[in-house]
Amino acid sequence: MLVTYIEAIRQAMDEELARDGNVLLMGEDVGVMGGAFKASAGLQEKHGADRVVDMPISESLIVGAGVGLAVQGMRPILEMQFIDFISCGFDQIVNTAATLRYRHGGQTACPIVIRGPSGGGVHGGLYHSQNPEAWFCHVPGLKVVAPATAYDAKGLLKSAIRDDDPVIYFEHKFLYRRIKEEIPEEEYLVPIGKAALRKEGRDLTVITYGSPVHAVMKAARDMAAEVDIEVIDLRTLLPIDWATVKASVRKTGKVLIVHEARLNGGVGGEVAARIAQDCFEELDGPVVRLAARDVHTPFAPAMEDYVLPNQEKITEAIRKLAAY
Amino acid sequence: MLIDVVMPQLGESVVEGVVVKWLVEVGELVAKDHPLLEISTDKVDAEIPSPSAGRIAQILVKPGETVPIQAVLAKIETDPAAARPAPEEAPKWDEETEGFPGHMARTSGPPIPAPPRVEPSAPAPSPPPATGRVRITPVVARMAAEHGLDLSKIPGTGIDGRVTRKDVEAHLASGGASSFAKATEGKPVPKAAAAPAPPSSKAAASRAPKVSPPPAAEGDQVVPWTPIRKRIAEHMVRSKTTSPHVHIFAEVDMHRVAGVRARAKKEGVNLTYLPFVIYAAAKALRETPIMNATVSGESTVLKKDIHIAVAVDTEKGLLVPVLRHTDRMSLKEISAAVDDFGARAKSGKISPDELSGGTFSITNPGIKGNLFGTPIINQPQVGILRLGQIVKRPVVIDVDGEDSIVIRPMMYLGCAYDHRVIDGVAGNGFLYRVREILEAGDFL
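Residues numbered from 1 in each chain as written. Chains lettered and ligands numbered in written order. Predicted model: local features only at pLDDT ≥ 70, side-chain atom pairs only at ≥ 80, totals over all residues.

Considering the packing of helix H1 (residues 5–19) of chain A against helix H7 (residues 150–162) of chain A
All names here are of chain A.
So, step 1. Direction vectors running N to C along H1 and H7 enclose 30 degrees, while the axes themselves pass 8 Å from each other. In terms of axis orientation, H1 runs roughly parallel to H7. The two elements H1 and H7 cross, and the hand of that crossing is right-handed. Each of Tyr5, Ala8, Ile9, Gln11, Ala12, Met13, Glu15 and Glu16 in H1 lies in contact with H7, whose residues at this interface are Ala150, Ala153, Lys154, Leu157, Lys158 and Ile161.
So, step 2. In terms of residue class, the contact of H1 with H7 is made up of nine nonpolar, one polar and four charged. (Axes fitted to C-alpha atoms, helices over the stretch in contact; angles between N-to-C directions. Helix = DSSP H or I, 4+ residues; strand = E, 2+ residues; numbered from the N terminus. Parallel < 35°, antiparallel > 145°, perpendicular 65-115°, else oblique. Left-handed = near helix turned anticlockwise from the far one by under 90°. Contact = placed C-beta atoms within 7 Å. Nonpolar A, V, L, I, M, F, W, Y, C, P; charged D, E, K, R; others polar.)

See the structure below:
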């Protein structure tokens, strides 16, 4: 069936709510309104107000309540209306949810999913454009995923809901309705911790995730005559699928890392460092990162385009590295 | 003609930069792209190359000064006739305005605060690369070590003439052509007098046999070495002068192998003897790590992975493609890979990747391989096996405690090992083990 990225997310929640009576959806406006972006449209009507629950405007409360429910055996999906506000629930996530299993010697789990719209490109200004995934990649006990396709959006969300550990699920609002994709009618899962090889190539590896996957794929197609690009979509950012990354680096010897989150302290830094350490003798050029400039994402379209990676910057970075 | 050297825009956000130091002086002759000065911006540090060949006519900016993009930094006289030392009337630095009058008054800078100065924390910048210095990347360094390449002979196509992985692959694919080999290509029978001079490089001369002028006698044919021939020659001389070869031989009863072959043939699978020896060697190498090694300087590198290189004869010469992770392959997989290499080697479709990274070698001279031979080690490896002719012979075996004479297909298996790193016990033990595996006939 042909679905949008956001419809894939809605279907995943709908199916899991139907499959497992312990699954809940909690968040601001997720019920009556069906979510600010309509990701949960119709779910309260179908599954009831005690399972699709409108919450007060307090992310700390949403996460904290979710953790308590999870300890008691429920599997809550906790929606952040914009992922920018996940920082309001930061303490509950990193000090409570992420440490539960550890503090209890493995005797308890914390099966929550925290999901919400991330990313820019939609002129949302600095409170509605953030990509804060790197904060959570620093925290043991969490899993972090960032799907780029409708297929992965659905399969990864279903896997996240079934996972016994807290999973932070970054959906990209730029992709919500810009992507339409054929996905299987029958049920499927996408495993957490496995990257996707989007395109094979010999000259240069581009490692990316989320929204830039599509711009990178376009660059790979457009530049096919001059450089044979291999594209890896990480999909899961914690834990990263190092085997796939290293196998590709060993093949091509050149790596460009592209993400929409800021450069400084971004996921790309960790990927670059690991490659430099483990694949040094295979490198045929510097490990290059292309990311957002280290400023807050501006509202003005021209400035936003200046700050975020775009098609032109990706093409330029690939060309430069290929020539090295 | 006087042309301007201007401050380039080094990145979209950069509006100005600091001149760190000049690398040239007024009056100096420069080639196009010769580095003129170093500048530092809040984004990047860079050398500014000369836009043209010529003589430095004027230098307009002092080190330490901040200049906006597009500002003129220097002037170059491109007309060789007019090129002469700097004019006497070069503008003077004005301490009060901190600028050159009419040129670069500091106040003419952009109306934004200056970026933080980049303190030159690094030691003085290295001088322009000396001739012969090669810029490479880590993977190129590794490939050069593996193949014993002289990188100064490989033209670099990367930025700043960097030798890239592709350059090395292209070099290997062309058979490692040196300047000498290229010079003689396409001249099948040059006259003695017209023979090109030997290469000037000392490195090549010391490795390759001396090139004496070809004889000019009537009827003689002078066949200049092809690039691949030259590489083989260099490699063989180097191996013989590098490694003290010890050659040992095992007499192997191949009747169980022959049995497996016969059974496979009934199933329609054609197996040669070679895959069996490769299979047995991989197994024995796993048990004898010192034989699966390379030499690097004054160290022995015991290789984690077993990649056996198999010699393949082609019209152009000998090629040695590599079976990756040979110890993880089944007999059938080895057989298929060997057949595939054989077919592709003949059509010239082996990629350079497939020729590198071997950790041990096996050579099989085939049906006309004679009784036995003494193979030369494939550097930087430390061991090689050679299959001899398989001949039916009467041999004495033990049958129920009684000596009996039977007819068996026998093979002399030759092995060379590098006595620098391997002593007799390990070397002999390895070959003995290969024999045991072949005679046991268990290839599952």
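This is not the end of the story, as more comes after the structure.
Describing the sheet that holds strand E5 (residues 113–118) of chain A
Strands belonging to one sheet form pairs held by backbone hydrogen bonds; the direction of such a pair is parallel or antiparallel.
Residues and elements named next belong to chain A.
So, step 1. Pairing is mixed in the open sheet, where seven strands are placed in the order E3-E2-E4-E5-E7-E6-E12. The two strands at the open ends of the sheet, each matched to only one other strand, are strand E3 (52–54) and strand E12 (236–238). Neighbour-to-neighbour, the strand axes of this sheet turn through a mean angle of 20 degrees, independent of strand direction.
So, step 2. In this structure, strand E6 (residues 143–145) lies alongside E12, joined through two bridges in antiparallel fashion. Paired with valine 145 across the bridge in E12 is threonine 236.
So, step 3. Most of the contacts of helix H3 (residues 59–71) go to strand E4 (residues 75–79), to which it runs at about 170 degrees, and overall it touches strand E2 (23–27), E4 and E5. (Pairing = 2+ DSSP bridges.)

Some details on H7(A)
Residues and elements named next belong to chain A.
So, step 1. Counted at 1.5 Å a residue, the expected span for H7 with its 13 residues is 18 Å, and the 19 Å between its end C-alpha atoms agrees.
So, step 2. Summarising burial for H7: twelve of the 13 residues are buried, a large majority.
So, step 3. All buried positions along H7 are accounted for by Ala150, Tyr151, Asp152, Ala153, Lys154, Gly155, Leu156, Leu157, Lys158, Ser159, Ala160 and Ile161. (Expected span 1.5 Å × (residues − 1). Buried ≥ 20, exposed ≤ 12 C-beta atoms within 10 Å, placed from the backbone.)

Examining the sheet that holds strand E4 (residues 35–40) of chain B
Residues and elements named next belong to chain B.
So, step 1. Spatially, four strands are ordered E5-E4-E2-E7 in an open sheet, and the strand pairing comes out antiparallel. One side of each edge strand has no neighbouring strand; the edge strands of this open sheet are strand E5 (45–49) and strand E7 (66–68). Taken over all neighbouring pairs, the strand axes of this sheet differ in orientation by 40 degrees on average, direction set aside.
So, step 2. Of the strand pairs in this sheet, strand E2 (residues 16–22) and E7 are connected by three bridges, and their pairing is antiparallel. By the bridge assignment for E7, valine 18 is matched with threonine 66.

Quick word on the interface of chain B and chain A
So, step 1. With ten residues of chain B at the interface, the matching set in chain A holds nine residues.
So, step 2. For the side of chain B that touches chain A, the element with the most residues is helix H1 (residues 138–147) of chain B, which contributes four residues.
So, step 3. Its residues assigned to classes, the side of chain B that touches chain A shows four nonpolar, three polar and three charged.

Description of unusual backbone geometry
So, step 1. Between Leu238(A) and Pro239(A) the backbone carries a cis peptide bond, its omega angle lying at 0 degrees.
So, step 2. Along the polypeptide, Pro239(A) turns up in the loop between E12 and helix H9 (242–252).
So, step 3. In this structure, the amide linkage connecting Gln379(B) to the following residue, Pro380(B), adopts the cis form with an omega of 0 degrees.
So, step 4. Take Pro380(B): it is sitting in the loop between strand E16 (360–363) and strand E17 (383–399).
So, step 5. The phi torsion at Asp29(A) lies on the positive side, around 65 degrees, for a residue other than glycine.
So, step 6. Take Asp29(A): it is sitting in the loop between E2 and helix H2 (43–47).

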